[in-house]
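Below, each chain spelled out in residue letters.
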Amino acid sequence: MSRRAMDAAGRGAGPYIRRFTGFQRTLHVMVIVSFLGLVATGLPLRFAAAPWARGVMDLFGGPVAAGLIHRMCAIITFGYFFAHVIQITYRMLRVEGPKKLLWGPDSMVPQPRDIRDLIQMFKWFFGKAPHPEFERFSYMEKFDYWAVFWGVAIIGTSGLFLWFPTFFAHFMPGWVFNIATIVHGDEALLATSFIFTIHFFNVHLRPEKFPIDTVIFTGRATTEYMQEEHGLEYERLRRDGRVEERVVPSASRAAYLWSVTVGFIAVGIGTMLIVLVLWALLA
Amino acid sequence: MRSVVGWIWLLGAFAPGLVGVRTVSAQATRPASTQVVECTKCHADHDLLAANATGPRRDSALYVTGAVLDSSVHRSLQCTDCHRGFEAGFPHQVSQVVVPCSTCHEKEGRDWAASIHARNAEMVGDAPTCVGCHGSHGIRAATDPRSPIYPLNVAGLCSRCHADPRIIGRYFTGPGDQEARIAATAFPKSVHGIALTRDGLVVSATCSDCHRAHLILPPDSARSSVNRANIPRTCGKCHAGVVKVFEASAHGPDYPPQPGIAEGHPRPVCIDCHSAHEIVRADRPAWQRSTVRKCGSCHEHLYETYFETYHGQVTQLGSNLAAKCSDCHTAHDMRSPTDPRSTVFAANLVHTCSQCHEGANTNFVKYYAHGDPTQRTRYPRLYWPWLLMTGLLVSVMAFFVIHSVLWLIRNGIEHRRGGHGSDGPGGGVPGGGAPAAESPTSGGSAS
């Protein structure tokens, strides 16, 4: 019972349905670890004048050590980014074909339905329409995905410029590093602000999900969860008679505890970091 | 007391050379003169003095032993060389006249007479005369480690008054007297003080090296060695090389004024960056970082834009990893970027940046070390990316914050209406849409 009370992915009735593969879950843990590391070591630099900046920097051993951690996390980031791109390419070429991944209900690509869902969502906010039902990925999840995709590309590129300035100066004038600093810092601030407020709210903190949703860690959620969060996808599976092939046993107690722990730690650290951002912005 | 001292110094000023300064080195082992032997018969006899003296402290003031006299640089003098008018025999003819020291020490006397000490000695009576610092019968040479004016002892000597809260309270209460208030406590911890007290380095500057020994004047006096205008010359007595470079730099008196330099800032002198009494080693990392603020107190815009760069951010975080003002502009030879001899002159930048950025080329040095993205006309290359990124940040966050807040409000409305939680879609969902957290029994029955 306590499990159900705590975890949004364990809500209500029905057998567990598989939602994420082990590969996807692993990548998300890499995203969490590297992103928290990048933000924690980057924020003190971005807000060097903030009253907490020096303390946070010293926590990591000063700018030299923090810079090292930042670059190690950057390497993890490049790692998951290219692992994902390679896997998606492989799936497009060898497994599912490009069509299923680039368009349709299972695709991450934004489609007209997402616009309609967004409009219906706003109508629902004002009581003018029922809550929209989502496919495999809601428009919010698609935004999350592409924000990370775009973010890694742009922050990663600008970060490389700043990491190896004398090398890149062979190809570009020095003021590009000024721009890289602006882009790197502002895009990182956007990512930080978005992930630690909007993403946390959408995924963990809104009343339906509070306090945590472990689906990204265990890769599975109850039928009821799937019906409520991804109703159209579940309906499609049921119609096609494919629910059975997605049914999995519930996560082991150890896996569940591990997932909740990692989830809470990540949400906790993220919340602390966004408090630091707000503190710096308001001070 | 006042009138006597004044009289003595008038005499010192107008009647020099009554007695020549004798060379004493050849007479170091001279046996005591007959006169000294005669005088010390009584004056070295404590009991005799105590029995016959009148008035307070007469006893100790009159007590002079031959040993004290023999230890003095004046050991070749007779008692009556200074104590003129004292006749032999007992009781003495009482005369207050002591031959002024300036009789022999003409220049010192003249300097002292013009000093703030002389003024206060005459006006108030609590500033030192000759004997206040040098003593009287046991005066030793400045090279004698036992002398109060031996370099290692000078700070202690001056502190006898300048660390005294009564003296500070009387003379140094003004807003401009901060340095005078802290001098006695701060100086021993300064690089000069540590060199003296810890290392016994007699050539290190002590009070009298900067303030002079006799012609001590307050800093607002134009003749003072510590007047702003005279500071470089004073420091340059020892730091000659640095001052020579500094005087030729943009901070020097003859460098043409630069456009865009904030009005109302006087050109800095040594103490503006190094302080007067709290000088520390220039290679101390914390001090190097602190100089940035000092540069910024005049170069306000450069200061602000510096902290927008990685260099400034790292410095602000208390690390010496990144460049500070003096790393690019030098510490003493700073010059306008239009000056071909400047380290930040365009043709010299590759060399300057290469000090840290090994392999920096002509492209690399096109970096704006003080770029300000909010200045559209001056930095259009930075302005537009900055505007774009800021716009993106603000619009994305604004949209989704509204999205989340509306969602939360709708959740509350739905919840109040029917306890159906907040999600609406599950029209056909068994068990309704209530989250497990709110109805744990439904979860329990399903498992």
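Before any of the text, the structure's been laid out above.
Bear in mind that the values here come from a model prediction, so they are computed numbers and not experimental data.

Conventions and cut-offs
Residues numbered from 1 in each chain as written. Chains lettered and ligands numbered in written order. Predicted model: local features only at pLDDT ≥ 70, side-chain atom pairs only at ≥ 80, totals over all residues. Heavy atoms only, no water. Helix = DSSP H or I, 4+ residues; strand = E, 2+ residues; numbered from the N terminus. Buried < 20%, exposed > 50% of the residue type's maximum accessible area, 1.4 Å probe, protein only. Contact = heavy atoms within 4.5 Å. Areas by Shrake-Rupley, 256 points an atom, 1.4 Å probe, with all protein chains shown as cover. Patch = residues over 30% accessible without salt bridge, like charges linked within 9 Å, V, L, I, M, F, W, Y side chains within 5 Å. Salt bridge = Lys/Arg side-chain N within 4 Å of Asp/Glu carboxyl O. Axes fitted to C-alpha atoms, helices over the stretch in contact; angles between N-to-C directions. Parallel < 35°, antiparallel > 145°, perpendicular 65-115°, else oblique. Left-handed = near helix turned anticlockwise from the far one by under 90°. Nonpolar A, V, L, I, M, F, W, Y, C, P; charged D, E, K, R; others polar. Disulfide = S-S within 2.5 Å. Buried area = accessible area lost by both parts, 1.4 Å probe. Polar contact = N/O pair within 3.5 Å; in protein donor to acceptor, adjacent residues only side chain to side chain. Phe/Tyr/Trp six-rings, centres within 6.5 Å; stacked < 30°, edge-to-face > 60°.

K.L.:
Explain the overall build of chain A to me, using residue names and the numbers behind them.
P.N.:
Assigned secondary structure in chain A consists of 14 helices and 3 strands. In chain A, which comprises 283 residues, the proportion classed as buried is 54%. By sequence separation, contacts in chain A at least 24 residues apart represent 71% of the contacts at least 6 residues apart. Surface exposure of chain A reaches about 13000 Å², of which carbon and sulfur atoms provide 72%.

K.L.:
Explain the overall build of chain B residue by residue, including any values.
P.N.:
Along the backbone of chain B there are 24 helices and 0 strands. For chain B, with 447 residues in total, the buried portion stands at 34%. Taking as baseline every contact in chain B between residues at least 6 positions apart, the subset at least 24 positions apart corresponds to 48%. Summed over its atoms, the accessible surface of chain B is roughly 25800 Å², and 61% of this surface lies on carbon and sulfur atoms.

K.L.:
Tell me what's going on with a nonpolar patch on the surface, and back it up with residues and numbers.
P.N.:
A contiguous nonpolar surface patch, about 320 Å² in accessible area, is contributed by B:Leu152, B:Leu201, B:Val202 and B:Val203. As for its position among the elements, B:Leu201 is in the loop between α13 (191-197) and α14 (207-211).

K.L.:
Can you explain the packing of helix α2 (residues 22-46) of chain A against helix α4 (residues 62-95) of chain A? Please cite residues and give values.
P.N.:
Residue and element names in this part refer to chain A. Interaxial distance between α2 and α4 falls to 8 Å at its minimum, and their mutual angle equals 150 degrees. Classed by the angle they form, the pair α2 and α4 counts as roughly antiparallel. The way α2 lies across α4 gives a crossing that is left-handed.

K.L.:
Quick one: what's the story with the packing of helix α9 (residues 175-205) of chain A against helix α14 (residues 253-282) of chain A, residue by residue and with numbers?
P.N.:
Residue and element names in this part refer to chain A. Packing of α9 against α14 leaves a shortest axis separation of 10 Å and a crossing angle of 135 degrees. Classed by the angle they form, the pair α9 and α14 counts as oblique. The handedness of the crossing between α9 and α14 is left-handed. Residues Leu 189, Thr 192, Ser 193, Phe 196, Thr 197, Phe 200 and His 204 of α9 pack against Ala 266, Val 267, Gly 270, Thr 271, Leu 273, Ile 274 and Val 277 of α14. Classifying every residue of the contact of α9 with α14 by side-chain character gives 8 nonpolar, 6 polar and no charged.

K.L.:
Describe the state of the cysteines, and please don't skip the residues or the numbers.
P.N.:
Residue and element names in this part refer to chain B. Scanning the entire structure with this criterion turns up 0 disulfides over all chains. With no disulfide of its own, Cys 79 lies 3.8 Å from the sulfur of Cys 39, the closest cysteine sulfur. Sulfur of Cys 130: no disulfide; nearest cysteine sulfur belongs to Cys 101 and is 3.8 Å away.

K.L.:
Please set out the interface of chain B and chain A residue by residue, giving values where relevant.
P.N.:
Each partner contributes residues to the interface: chain B has 58 residues there, and chain A has 61 residues. Buried surface at the junction of chain B and chain A, summed over both partners, amounts to about 5400 Å²; 72% is from carbon and sulfur atoms. Our count for the contact surface shared by chain B and chain A stands at 0 salt bridges. Remark: the boundary between chain B and chain A carries 12 residue pairs in polar contact (both at pLDDT 80 or more). Mapped onto the side of chain B that touches chain A, the elements with two or more residues apiece are α20 (310-316), α23 (380-418) and α24 (440-446) of chain B.

K.L.:
Outline helix α12 (residues 231-239) of chain A, listing residues and values.
P.N.:
Of all the residues in α12(A), the buried ones are A:Gly231, A:Glu233, A:Tyr234, A:Arg236 and A:Leu237. Looking at the residues trailing α12(A), positive phi occurs at A:Gly241, about 70 degrees.

K.L.:
Talk me through the packing of aromatic side chains; I want residue IDs and the actual numbers.
P.N.:
Inspection of the entire model under this criterion finds 29 aromatic pairs over all chains. The interplanar angle of 45 degrees and the centroid separation of 5.4 Å between the aromatic rings of A:Phe196 and A:Phe200 together place this pair among those described as tilted. One end of the pair, A:Phe196, and the other, A:Phe200, are both in helix α9, 4 residues apart, so they sit about a helical turn from each other. Summarising the burial analysis for this pair, A:Phe196 and A:Phe200 share the class buried. Geometrically, the ring pair formed by B:Tyr383 and B:Trp386 is tilted, given 6.1 Å between the ring centres and 45 degrees between the ring planes. Note that B:Tyr383 and B:Trp386 are positioned in helix α23 at a spacing of 3 residues, about one turn of the helix. Classification of B:Tyr383 by relative accessible area gives buried; the value is 15%. Its relative accessible area of 25% is what places B:Trp386 among the partly exposed residues.

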